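Below are the chains, spelled out letter by letter.
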Amino acid sequence: MEKSSPKMTGGTRETPVSSSPAVAANAEGEEIEVLESTDVLPVAPEDQWKSLFDKYDPENSGFISTERFRDLLATHGSELDPHKLEVLLALADGNADGKICYQDFVNLMSNKRSNSFRRAILQGSRQLKGCSLRDEVGLGLSQRLVRHVAYETLPREVDRKWYFDSYTYCPPPWLILAITIAEVAVFMYYGFQLDRLVLQVSSPSFLKSPLPYHPQLRAQAWRYLSYIFMHTGIEHLSLNMAMQLLVGVPLEMVHGALRIGLVYVCGVLAGSLAVSVTDMTAPVVGSSGGVYALVSAHLANVVMNWSGMKCQFKLFRMAMALVCMSVEFGRAVWLRFYPPAFPPCPNPSFVAHLGGVVVGLTLGVVVLQNYEQRLQEQSLFWIFFCVYTLFVLCAVFWNIFAYSLLDVRLPPPP
């Protein structure tokens, strides 16, 4: 500790002695103002870390050395999460520049992940002290669940520890749960209305609902999304619901409702638009477009980070996920070419599954690749997003003009 550095007193700091009386008087005035303000309002966390930075940077250079940074962590490490302290110590050990700037310091101490911090960790030794997250004992049920989710979805130990310390279940993973509950409620409603739970699509009243996509009603734009709430039967709903909950909920816990909702909705919209372009006479039902977007993005992320993923039995679990997807897709293909119960209207199309897979392998992988990095900071995200937007625009124009130009014979409206 250097003698010239200012001292902390009750959450504030004493102004260092200056040779200029005017500067000293001005500093005393600022000190009085700070004391008066702290009596009214509590000091914000960033203000607290700024005071600490000023204490270790008496020259006001905007940087502190890694040696001073380690001294600061040793003194104030009790105020931080234990795993966060390990990450910061790894940053101090692996920082090739030998100094840390003010903004990075505030971001780190204020629990904000920054790109510069992520790069510093990757470029440094990354030798985190202590045991891995999996070796911790005495955890409660909710903590064990968070730890399990971390190992299921994140490939790096530094990210797993950071996520474990920062996740608070606020907000909870509500989006996927809400969609699943709505799908079950709609299915039960039509199950009692049609008096059928298996192969509901064979009922003459099934497509009369305002929810499924039908080529004759493609001008009703909401059907390109609302079709996810209708399923051909309980076997269709069960497979989609199982994959949606087992994959979607953990992903939402890590990446948040906004990112997962973006991938899900893009998969749903791509599925119905792909059917309207490639299978122009068929209706669409089921949430497979969104489910396949999430599952394919997750599986691709696991393959791309295979050595870093520490989930148990990952090969077996991946094989089971592929089997479930194949069974559900095979059922959809069989149903599409099975003689329809009410010709000339064909059975629902399976192309929505393929649209979801394409979205998952492109846009979805980018969204899941770096959970702490903002999407707007990833150039690859904007490339795939622009390609996806171009596809949507082309599909919209196709739906407006192609059916009449090609003289497609559509089945009668339901």
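Peer 1: Can you walk me through the environment of valine 106 in this structure?
Peer 2: Residue placement: valine 106 occurs in helix H5 (residues 102-109). On the accessibility criterion, valine 106 (3% relative accessible area) is buried. Taking C-alpha positions, valine 106 is 8.3 Å from phenylalanine 53, a pair spaced 53 residues apart along the chain.

Peer 1: Help me understand the confidence of the model for the chain, please; the structure alone is not making it clear to me.
Peer 2: Residues of the chain with pLDDT of at least 70 account for 77%, and the chain-wide mean is 80. Confidence, expressed as mean pLDDT per element, reaches its minimum in the chain at strand S2 (residues 12-13) with 38 and its maximum at helix H10 (residues 223-226) with 96. Predicted confidence for residues 1-43 stays below pLDDT 50, and this span has 32 contacts to residues more than four positions away or in other chains. Segment residues 123-130 is flagged for pLDDT under 50; beyond a separation of four residues in sequence, or across chains, it makes 15 contacts in the model.

Peer 1: I keep staring at the pattern of salt bridges and nothing clicks. Help me out?
Peer 2: Side-chain pairs of opposite charge can arise where the charged atoms are in close proximity. One pass over the full model with this rule turns up three salt bridges. Here arginine 336 makes a salt bridge to aspartate 279, at a shortest N to O gap of 2.9 Å. Of this pair, arginine 336 sits in helix H13 (residues 314-337) while aspartate 279 sits in the loop between helix H11 (234-278) and helix H12 (288-304), and the two are 57 residues apart along the sequence. With respect to class, arginine 336 is no different from aspartate 279; both count as buried. For glutamate 328, the salt bridge identified is with arginine 331, shortest N-O distance 3.2 Å. With glutamate 328 and arginine 331 both in helix H13, this residue pair falls three residues apart, about one helical turn. Across this residue pair, the class does not change: glutamate 328 and arginine 331 are buried.

Peer 1: Help me out: how do you make sense of the environment of phenylalanine 105 in this one?
Peer 2: Among the secondary structure elements, phenylalanine 105 is positioned in helix H5. Considered as a pair, phenylalanine 105 and isoleucine 64 are 41 residues apart in the sequence and their alpha carbons are 9.0 Å apart. Those residues in contact with phenylalanine 105 that sit more than four places away from it in its chain are Trp49, Leu52, Phe53, Ile64, Phe69, Leu72 and Ile100.

Peer 1: Sorry if this is basic, but what is going on with a nonpolar patch on the surface here?
Peer 2: Together, Leu393, Val396, Phe397, Trp398, Ile400, Phe401, Leu405 and Leu406 line one region of the surface with nonpolar side chains, adding up to about 820 Å² of accessible area. Topologically, leucine 393 is positioned in helix H15 (residues 379-405).

Peer 1: Is there a simple way to think about empty space enclosed by the protein in this case?
Peer 2: Over the atoms rolls a probe the size of a water molecule, and its path tells where empty space is left. Under the defined criterion, the tally for this structure stands at three cavities of 30 Å³ or more. Approximately 100 Å³ is the volume attributed to the largest cavity. Lining the largest cavity are 15 residues, and of these His236, Val285, Arg331, Ser349 and His353 lie nearest its centre. Elements with a contribution of two residues or more to the lining of the largest cavity: H12, H13 and helix H14 (351-369). The biggest single contributor to the lining of the largest cavity is H13, with three residues. Taken together, the residues of the lining of the largest cavity sort by class into seven nonpolar, seven polar and one charged.

Cut-offs and rules
- Residues numbered from 1 in each chain as written.
- Predicted model: local features only at pLDDT ≥ 70, side-chain atom pairs only at ≥ 80, totals over all residues.
- Heavy atoms only, no water.
- Helix = DSSP H or I, 4+ residues; strand = E, 2+ residues; numbered from the N terminus.
- Buried < 20%, exposed > 50% of the residue type's maximum accessible area, 1.4 Å probe, protein only.
- pLDDT = per-residue confidence, 0-100.
- Contact = heavy atoms within 4.5 Å.
- Salt bridge = Lys/Arg side-chain N within 4 Å of Asp/Glu carboxyl O.
- Patch = residues over 30% accessible without salt bridge, like charges linked within 9 Å, V, L, I, M, F, W, Y side chains within 5 Å.
- Areas by Shrake-Rupley, 256 points an atom, 1.4 Å probe, with all protein chains shown as cover.
- 1 Å grid on protein atoms, 1.4 Å probe; cavity = no way out; pocket = protein on both sides within 12 Å on 5 of 7 lines; lining within 4 Å.
- Points joined across faces, edges and corners; volume = space filled by probe spheres on them.
- Nonpolar A, V, L, I, M, F, W, Y, C, P; charged D, E, K, R; others polar.

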